[in-house]
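# An overview of the molecular structure
One-letter residues, chain by chain:
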Amino acid sequence: MIKKHNLAEAFPEFEQKIHTLKVEDNHFKILFDKYDELDHEVYRIETDTEPASDEALNDLRVERVRLKDEIYNYLKENK
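Computed from a predicted model, the values in this text were never measured in an experiment.

### Re the overall build of the protein
Regarding its fold elements, the protein presents four helices and zero strands. Counting only C-alpha atoms, the protein reaches 40 × 20 × 15 Å along its principal axes. Across the 79 residues that make up the protein, the buried fraction comes to 29%. Intrachain contacts of the protein at a sequence separation of at least 6 include 66% that bridge at least 24 residues.

In structure tokens:
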């Protein structure tokens, strides 16, 4: 089953912090929005809504993981 990779589901221990930072921290909001946009693009390709090569899809997935790691580190550092 193909599904979106929601950050609150990926990091349930930071669910409230994610919400707070989206509202109060401009840098985090930018990271969150980039991740959300990238995840949506991957989802559209995986569900055949938007055509793309396997290489392009893989590049997007790699970037999504990199950005997810950056967000996780940001969440840990801003306790």
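### Comments concerning the confidence of the model for the protein
Here the protein averages 93 in pLDDT, while 99% of its residues score no lower than 70. Of all helices and strands in the protein, the one with the weakest mean pLDDT is helix H1 (residues 7-10) (91), whereas helix H4 (residues 54-77) scores best (96).

### With respect to the packing of aromatic side chains
Going through the model one piece at a time under the given rule, you end up with four aromatic pairs. The interplanar angle of 35 degrees and the centroid separation of 5.1 Å between the aromatic rings of Phe-11 and Tyr-72 together place this pair among those described as tilted. Residue Phe-11 is found in the loop between H1 and helix H2 (15-24), and its partner Tyr-72 is found in helix H4; the two are separated by 61 residues along the sequence. Aromatic side chains Phe-14 and Tyr-72 sit 6.0 Å apart centroid to centroid with 75 degrees between the ring planes, which places their arrangement in the edge-to-face category. Residue Phe-14 is located in the loop between H1 and H2, and its partner Tyr-72 is located in helix H4; the two are separated by 58 residues in the primary sequence.

### Considering the pattern of salt bridges
Under the counting rule described, the total for this entry stands at seven salt bridges. For the salt bridge of Glu-9 with Lys-3, the shortest nitrogen-to-oxygen distance reads 3.5 Å. Among the salt bridges present, the one from Arg-64 reaches Asp-39, with a minimum N-O distance of 2.7 Å. Here Asp-39 lies in helix H3 (residues 26-46) and Arg-64 lies in helix H4, a separation of 25 residues in the sequence. Looking at Asp-39, the relative accessible area reads 3%, which means it is buried. Taken together, the shared-partner salt bridges in this structure form one network comprising Glu-63, Arg-66 and Glu-70.

### Focus: the packing of H3 against H4
Their axes nearest at 10 Å, the elements H3 and H4 cross at an angle of 150 degrees. By the angle between their directions, the pair H3 and H4 is classed as roughly antiparallel. Seen from above, H3 lies across H4 with left-handed handedness. Of the residues in H4, those touching H3 at His-27, Phe-28, Leu-31, Phe-32, Lys-34, Tyr-35, Leu-38, Asp-39, Glu-41, Val-42, Ile-45 and Glu-46 are Leu-57, Leu-60, Arg-61, Glu-63, Arg-64, Leu-67, Lys-68, Glu-70, Ile-71, Tyr-74 and Leu-75. Partitioned by chemical class, the residues of the contact of H3 with H4 number 13 nonpolar, one polar and nine charged.

Criteria and cut-off values
Residues numbered from 1 in each chain as written. Predicted model: local features only at pLDDT ≥ 70, side-chain atom pairs only at ≥ 80, totals over all residues. Heavy atoms only, no water. Helix = DSSP H or I, 4+ residues; strand = E, 2+ residues; numbered from the N terminus. Buried < 20%, exposed > 50% of the residue type's maximum accessible area, 1.4 Å probe, protein only. Contact = heavy atoms within 4.5 Å. pLDDT = per-residue confidence, 0-100. Phe/Tyr/Trp six-rings, centres within 6.5 Å; stacked < 30°, edge-to-face > 60°. Salt bridge = Lys/Arg side-chain N within 4 Å of Asp/Glu carboxyl O. Axes fitted to C-alpha atoms, helices over the stretch in contact; angles between N-to-C directions. Parallel < 35°, antiparallel > 145°, perpendicular 65-115°, else oblique. Left-handed = near helix turned anticlockwise from the far one by under 90°. Nonpolar A, V, L, I, M, F, W, Y, C, P; charged D, E, K, R; others polar.

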